[in-house]
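# Remarks on the overall topology
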Amino acid sequence: MTYSVDNIANMLLISFENMEDGELLTNMKLQKMLYYQQGFHLAYFDEPLFEEEIEAWLYGPVVKSIYTEYKRFGKKGIAGNHDTDFTFVNDIELALFNEVNKVYGRYSAIGLMEMTHKETPWNSVPIGEGSIITKDCIKAFFLTRLKQ
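Note that residues are indexed from 1 along each chain, following the sequence as it is written. For this predicted model, a pLDDT threshold of at least 70 governs which residues receive local features, and a threshold of 80 or more governs which side-chain atom pairs are given and counted, while totals over whole chains, interfaces and linings are taken from all residues. Note that the side-chain values use all heavy atoms of the structure and ignore hydrogens as well as water.

Helical segments are the DSSP runs of H or I of at least four residues, strand segments are the runs of E of at least two, and each set is numbered from the N terminus. Along the backbone of the chain there are seven helices and three strands. What you see in the chain, going N to C, is helices and strands ordered as α-α-β-β-α-α-α-α-β-α. Atoms counted for the radius of gyration: C-alpha only. Globule rule: 2.2 Å times the number of residues to the power 0.38. At 14 Å, the chain has a C-alpha radius of gyration in line with the 15 Å of a compact globule built from 148 residues. If one aligns the C-alpha atoms of the chain with their principal axes, the spans along those axes are about 40 × 35 × 25 Å. Burial statistics for the chain: of 148 residues in total, 46% are counted as buried. Taking the intrachain contacts of the chain between residues at least 6 apart in sequence as the baseline, contacts between residues at least 24 apart amount to 77%. Throughout this description, buried means an accessible area under 20% of the type-specific maximum (1.4 Å probe, protein chains only), exposed means over 50%, and partly exposed covers the range between. Residue contacts follow a heavy-atom distance rule, with two residues in contact if any of their heavy atoms lie within 4.5 Å.

Below, the structure is given as structure tokens:
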């Protein structure tokens, strides 16, 4: 199922608040987590997690609408909105979401940026605002990352 990118971003913010160290996500790390969530969802379910495009900016993949919404926080952590009512349609989607958080969430924003810079989706397109990384490109790359 495809969801609102706002709901996915908020779920990421809340899930990081609830982790052991209670680290709040920065906008930069949120952007990279959205990219990894989208990639694995595309590869596993053969459909996007959210419809918004991911762009190849200087510091890695970015969902422009989410970047714009949270840029006022700069490098500070962002608290989630606990008043929203969102859940995944099925437990498999939630399990994948949690697994991606577990694996990639342990890296810093800079660590994630460096990882994305070495990956085909980001380095196969020109860098800059408006430079779309296609969902097909993201899916093809993440299919190679799924454990068979």
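Here we take up unusual backbone geometry. Backbone geometry places Asp-46, a non-glycine residue, at a positive phi of 60 degrees. With respect to the secondary-structure elements, Asp-46 resides in the loop between helix H2 (27-45) and strand S1 (54-57).

Below, the discussion takes up the sheet that holds strand S2 (residues 60-62). What holds strands together in a sheet is hydrogen bonding between their backbones, with the strands either parallel or antiparallel. In spatial order, the strands read S2-S1-S3; together these three strands make up an open sheet with antiparallel pairing. Edge positions in the open sheet fall to S2 and strand S3 (132-133), since each of these has one partner strand only. Between any two strands, at least two bridges found by DSSP are needed for them to pair. Bridging between S1 and S2 involves three bridges; their strand directions are antiparallel. What sits directly across from Ala-56, in S2, is Pro-61. Set on the sheet, H2 makes contact with S1 and S2; between it and S2 the angle comes to about 85 degrees. For helices, the axis comes from a line fit to the C-alpha atoms of the stretch in contact; other axes are also lines fit to C-alpha atoms, and the angle between any two N-to-C directions lies between 0 and 180 degrees.

All right, on to the nonpolar core then. Ranked by internal contacts, the top residues of the largest apolar core, which has 38 residues, are Ile-8, Leu-12, Leu-30 and Leu-34. When residues in this core are grouped by element, the largest group, eight residues, is from H2. The residues contacting Ile-8, other than those within four sequence positions of it, are Tyr-3, Leu-34, Leu-49, Phe-86, Phe-88 and Phe-97. Within this scheme, the nonpolar core is defined by two criteria: the residues are buried Ala, Val, Leu, Ile, Met, Phe, Trp, Tyr or Cys, and they are joined through side-chain atoms within 4.5 Å.

Moving on, we get to the pairing of S1. Alternating residues of S1 divide into Ile-54 and Ala-56 and Glu-55 and Trp-57, and every residue in both groups is buried. Note: S1 against S3, two bridges, orientation antiparallel. Counted as the bridge partner of Ile-54 is Ile-133 from S3. Connecting S1 to the antiparallel partner S2 that follows it, the hairpin turn spans two residues.

The values reported here are purely geometric and, on their own, carry no functional implication.
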